[in-house]
Amino acid sequence: MTDKTANTMWGGRFAAGPDAIMEAINASIGFDQRMASQDIAGSRAHAAMLGATGILSDKDVKSIREGLLTVLSEIEGGTFAFSTALEDIHMNVEARLKELIGEPAGRLHTGRSRNDQVATDFKLWVRDQLDAADGALVSLIAALLDQAEAGADWVMPGFTHLQTAQPVTWGHHMMAYVEMFGRDLSRVRDARARMNESPLGAAALAGTSFPIDRQMTAEALGFDRPAANSLDAVSDRDFALEFLNVASICAMHLSRFAEELVIWSSAQFRFVTLSDRFSTGSSIMPQKKNPDAAELIRAKVGRIFGANTALMMVMKGLPLAYSKDMQEDKEQVFDAADNWMLALAAMDGMVRDMTANRDSLAAAAGSGFSTATDLADWLVRVLGLPFRDAHHITGALVALAESEGKDLPDLTLEQMKTAYDGITAEVFDVLGVENSVNSRTSYGGTAPVQVRAQVARWKEVLSR
């Protein structure tokens, strides 16, 4: 088969036959150039260590350091010419360094391999993303705390199965998401602490015979310690998988909240009004105000979940140590990180801008027999009935109210007594939604006093 025939089979995308195909499948510079600053930081730390240990001369180290800074300024300034033929960010930087400083550039790679170099660069990049996620989550939690504090005593319906269950407060509902995103924050910090070991100096897979100082490079790059096994150091991508897992759980929380905002902002609910900054109109229906930001957050979960699954599949069958399959790790993580950060920022903006419609919340809180459990609890607490009997009596009263198109507080005492003669007028004290939420004073309950206590606790947590 001629190259021309091969080109026809593969299509017009590849102009030079199998060599072009191999270059295209092998090159990663199209995406791993995002790690340029991390790559140069790792090389600078490595060069400084080579000088401190006497492996390189001070002159060479100075030349390398200055050359790397020039390369970084070119990349940041947009004048650097990336080459697919040079495969990846590491070779692109090294080639340009050689053009700038000549022979000393070739000495930079002493005592390391592209295997530990890429593991270090990628770990530094993921660590930066975890730090960004930390800041974004702290900001989102603070926005939720503001909403919770403002509406600590605003009544609204609580739901199970999306059916009215019991009255809660707006503040309590907001604090539920504070707890969820708080767990995400703890996972981010936990993942960062666990991944903070330096692969640099593990070389290809077995370490090196040069007298390098891995502790020095680890400290220079902000790692807690060097990774303890060279085989594991170059083949480990747990840090990327854990990043994707943390992102997936958080994205699921964002999606759940987004779903509620979509529902709450509808004409049928009118619980919240989203700002124009995070809504769009319709091209044909002038009355529409669509919660597009919330819907897009909800959709981005699929991309993040997909990245998590894809990298699991890449890693699941790889023997130690490095395999080229692992080049497929970065695009998944890059895409997930971009979408996670965007979703966090959009949710933060929506929460800060949205207005809870207190009157609509209160009206909905008093409908749907939301105080039925309070009635059953009163029958147990005041009249001493077994809960199963109280449950049955309350169910009968709900059926009676429903048949007459009323809610429980609208029934007369005489109607109440038809279900159980021992019921007294005191029962009406527990049927109001305000009374209901104020009575839920158990730790973590919906009572305003508990909501304000949890807001204060979380403010203290964030201030540490």
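Every chain is numbered on its own, with residues counted from 1 as its sequence reads. In keeping with the model being predicted, local features are shown solely for residues with a pLDDT of at least 70 and side-chain atom pairs are shown and tallied solely at 80 or more, while totals for entire chains, interfaces and linings include all residues. Calculated side-chain values reflect all of the structure's heavy atoms, with hydrogen atoms and water omitted.

The next thing to look at is the nonpolar core. Put simply, a nonpolar core is a bunch of buried Ala, Val, Leu, Ile, Met, Phe, Trp, Tyr and Cys residues held in one set by side-chain atoms that sit within 4.5 Å of each other. Summary of the burial criterion: residues with accessible area below 20% of their type's maximum are buried, those above 50% are exposed, and those between are partly exposed, where the area comes from a 1.4 Å probe applied to protein chains only. Counting 79 residues, the largest nonpolar core has Trp 170, Phe 181, Leu 254, Phe 257, Trp 264, Trp 340 and Met 347 as its most contacted members. Looking at this core, the elements with two or more residues in it are helix H8 (114-150), helix H9 (170-195), helix H12 (238-264), helix H13 (292-315), helix H14 (330-353), helix H15 (358-365) and helix H21 (448-463). The numbering of helices and of strands both runs from the N terminus, where a helix is a DSSP run of H or I of at least 4 residues and a strand a run of E of at least 2. When residues in this core are grouped by element, the largest group, 16 residues, is from H12. Every residue in contact with Trp 264, bar those within four places of it in the chain, is listed here: Met 156, Trp 170, His 173, Met 174, Phe 257, Phe 269, Arg 270, Phe 271 and Val 272. Note on definitions: a residue-residue contact is assigned when non-hydrogen atoms from the two residues lie within 4.5 Å.

With that settled, consider a nonpolar patch on the surface. The patches reported here contain residues having more than 30% relative accessible area and no salt bridge. Joining distances are 9 Å for like charges and 5 Å for nonpolar side chains (Val, Leu, Ile, Met, Phe, Trp, Tyr). A 1.4 Å probe and the Shrake-Rupley method give the accessible areas. Residues count as covered only by the protein chains that appear here. Each reported salt bridge corresponds to a side-chain nitrogen of Lys or Arg within 4 Å of a carboxyl oxygen of Asp or Glu. Together, Leu 205, Leu 231 and Leu 320 give the surface a local cluster of nonpolar side chains, amounting to about 270 Å² of exposed area. Note that Leu 205 resides in the loop between strand S3 (197-198) and helix H10 (214-220).

This part covers the pattern of salt bridges. The full count for this structure, using the stated rule, is 26 salt bridges. Notably, a salt bridge pairs Arg 34 with Asp 338, separated by 2.8 Å at the nearest N-O pair. Highlighted residues: Arg 34 in the loop between helix H3 (29-32) and helix H4 (36-52) and Asp 338 in helix H14, separated in sequence by 304 residues. Of the residues examined, Asp 338 reaches a relative accessible area of 36% and is grouped as partly exposed. Notably, a salt bridge pairs Asp 374 with Arg 440, separated by 2.8 Å at the nearest N-O pair. Taken as a pair, Asp 374 in helix H16 (residues 372-381) and Arg 440 in the loop between helix H20 (433-439) and H21 lie far apart in primary sequence, 66 residues in all.

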